Amino acid sequence: MSTPVGACPVTGAVPLSGPEFHIEPHEVYRRMRREHGPVVAVELPGGFPAWLVIGYRELHQVTSDPVLFPRDVSLWNQWGRVPEDWPLLPMIGRPMPSIYFTAGAEHRRHLAMVEPALDAVDHFELRRACEELADQLVDRFCGRGTADLIAEFAEPLPVLALGRILGLPDADAADLALTMKTLADGGADAQAGHLRFAEHMARLVAAKKARPGGDLTSLMLADPEPFTDEEYMNDLMAIAAAGHLTTADWLGSSMRLMLTDERFAAALGGGRRSVGQAMNEVLWEEGPTSILAGRWAARDTRLGDRTIRAGDMLLLGLAAANLDPHVRQSFSDGDTVPTGNNAHFAFSYGEYRCPYPAQQIAEIIARTGIEVLLDRLPDVDLAVPAAQLTRRPSAFLRGMQALPVRFTPVRPVGGFS
C-alpha cells in the first residue's frame, strides 16, 4: 500500500535544502548518519517526501536490484501533487522515452543504441581536440595574469569537447552550457532552460538526418533499431547533460584540490602522476554528483531499518555513501584514498550506472584540460585565500562557483586572443 499522497514517509523528515549542503556537506552527512542511520527520510522543496540512501552497503543494495528499485519515475506515488512548474521536475524527470527515464527492457533497448556509439569515440582524436580547445581557452586569458578557471575554462571545455563528439557546431556550445547549468541549478528558470536544451538537441537531430557524418549523433541515427526523433533527442539530452556539468565540476574541483593541498604541489611544477591521484580523490571526497534522482520502490520492502512503501522515491546519496565509515575503514590509514581505488559511487552502480565509455570520455576531457593548463601556466596559484572559495548552492551537485587564480602572463600560442 502506498504512502498517502502528501504524507512524508516518516515524521521528522530532513529538509533537503539550505546553505549547509554546499558549505559543509560532509558534516551534514555525518549528522544524518548519526541521527537517522543509513536511510534518511527527507523532504524536497515543495514538500515532497523521499528517502535519501547514505549507507554504502544500502546504496549498493539499491543500485544492484533494478527489479525492486527500478529507475521508473512513473511509479512515484506523489504525481498527483506535482505542479507543472516545479523547479526540480527537470532533474527528477517524468515518464518519457529516454535512456535515463526508462526501465527494464526499454532501458536496455536505448542502452544498446547509445553505448556502442559512445564506445566508438576515438580517444586519440578526442585528446587532440581537447588539447586544441584547451589551448584556445587559455589563449583568451593567458596574457592577463588572472582568470576564473571555472567560468573561463572548466565550464566551457567539456561542452566544447562534447559538441565535437556530438557533431554540434562550436557556435552553439556557449548557449548550451548556460542552458544546462540553468537546468541543473533547479531555480525558477529551470523549466525554460529545459525547453531550450530540447530545442538544441532537436535541431541537431534534424541536421544530422539531413547530413550525417562520423559523429556520435550520426552513429546513433544509423542504428538498425527504429527510434523516433523524440527518442533520439531525449537520449542526446541525457548524454550532454550527464557529460557536461559533471565533467566541468570534476575538472574544477580537481584543480582546486591541487591548488590548495601541498600533496599535489609537484604536479604544478610539471609532474603528471599527481593529476590522476587528485582526480580520483575528488571522486571519493567531493564527486560532481552528490545526490542522484532516483529510484522508485516497485513494492513495499525494508531497507536498512526503514519501511519503504511502493512508489516511494529513493535518492542515491553518492557522496554520503563514499564517506561511510564502513567503507573508509578499509583504507590503509582509514582516511586517505589509496591510489587506484575506484570502488566509489561517483558514477553510480549497477544497470543504470554511467556507461563505462562515457566515464572514459569524461576522464579524457578533464585530465587533458588540467594537463594543458599546467603546461601553459606552470606557476598558477590561487588569487584568494582558500577559505573564500564557494560551492554551487545545490544539494544535488557539487561544484565550484568560481576559482580565481593568478599567474605570470604568457603569450597566446595560436593567435587566439
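Per-chain numbering applies: the sequence of each chain, read as written, is numbered from 1 onward. With the structure being a predicted model, the display of local features is reserved for residues of pLDDT at least 70 and the display and counting of side-chain atom pairs for 80 or more, all residues being used for whole-chain, interface and lining totals. Note that the side-chain values use all heavy atoms of the structure and ignore hydrogens as well as water.

- Per an unreviewed UniProt entry, the protein chain is named Cytochrome P450, and its organism is Nocardia caishijiensis.

### Some remarks on the overall build of the protein chain
Link 1 in the chain: Scanning the protein chain for helices and strands turns up 17 helices and 10 strands.
Link 2 in the chain: Put simply, the protein chain has 417 residues, and 55% of those count as buried.
Link 3 in the chain: For the protein chain, restricting intrachain contacts to residue pairs at least 6 apart in sequence, the fraction spanning at least 24 positions comes to 73%.
Link 4 in the chain: Here the protein chain has roughly 17200 Å² of accessible surface; of this, 55% comes from carbon and sulfur atoms. We count a stretch as a helix when DSSP gives it H or I for four or more residues in a row; a strand needs E for two or more, and each element gets its number in order from the N terminus. Each residue is assigned to one of three classes by its accessible area relative to the maximum for its type, calculated with a 1.4 Å probe on protein chains only: buried under 20%, partly exposed between the two thresholds, exposed over 50%. Here, residues are in contact when the closest pair of their heavy atoms is within 4.5 Å. In these tables, accessible area is a Shrake-Rupley quantity obtained with a 1.4 Å probe, and a residue counts as shielded only by the protein chains included in the view.

### Description of the packing of aromatic side chains
Link 1 in the chain: Stacked, tilted and edge-to-face pairs are distinguished by plane angle, under 30 degrees for stacked and over 60 for edge-to-face with tilted covering the rest, among Phe, Tyr and Trp rings (Trp via its six-membered ring) whose centres lie within 6.5 Å. Following the criterion strictly, the structure yields 10 aromatic pairs and no others.
Link 2 in the chain: Cluster of aromatic residues (ring-pair linked, three or more members): Phe-48, Trp-76, Trp-79 and Trp-86.
Link 3 in the chain: It is Arg-71 that lies over the ring of Tyr-100; its NZ or CZ is 4.1 Å from the centre. We count a charge as sitting over a ring when the NZ of a lysine or the CZ of an arginine lies within 6 Å of the ring centre and within 35 degrees of the ring normal.

### Some details on the nonpolar core
Link 1 in the chain: Judged by nonpolar contacts, the single largest core of 80 residues is most densely connected at Phe-141, Leu-149, Phe-153, Leu-216 and Met-255.
Link 2 in the chain: With residues near it in sequence (within four places) discarded, Phe-153 still touches Ala-134, Leu-137, Val-138, Phe-141, Asp-148, Pro-158, Leu-251, Gly-369 and Leu-373.
Link 3 in the chain: Among the nonpolar cores identified, the runner-up in size contains 33 residues, and Phe-48, Ala-50, Leu-88 and Trp-296 belong to it. We call a set of buried Ala, Val, Leu, Ile, Met, Phe, Trp, Tyr and Cys residues a nonpolar core when their side-chain atoms join them within 4.5 Å.

### A few points about helix α6 (residues 123-141)
Note that an α-helix has 3.6 residues per turn; residues three or four places apart therefore point the same way.
Link 1 in the chain: Between its first and last C-alpha atoms α6 spans 27 Å; for 19 residues at 1.5 Å apiece the expected length is 27 Å, and the two agree.
Link 2 in the chain: Looking at α6, one finds that the buried residues are Leu-126, Ala-129, Cys-130, Leu-133, Ala-134, Leu-137, Val-138, Asp-139 and Phe-141.
Link 3 in the chain: Considering only its buried residues, α6 is in contact with β4 (146-148), α7 (150-154), α8 (156-166) and α17 (356-376).
Link 4 in the chain: Pairs of N or O atoms are called polar contacts if they sit within 3.5 Å, as long as, within protein, a hydrogen donor faces a hydrogen acceptor (for residues adjacent in sequence, only side-chain-to-side-chain pairs). Two to three positions downstream of the cap, the backbone nitrogen of Phe-124 sits 2.9 Å from a side-chain oxygen, assigning the N-cap of α6 to Asp-122. Residue count minus one, scaled by 1.5 Å, sets the expected span of a helix.

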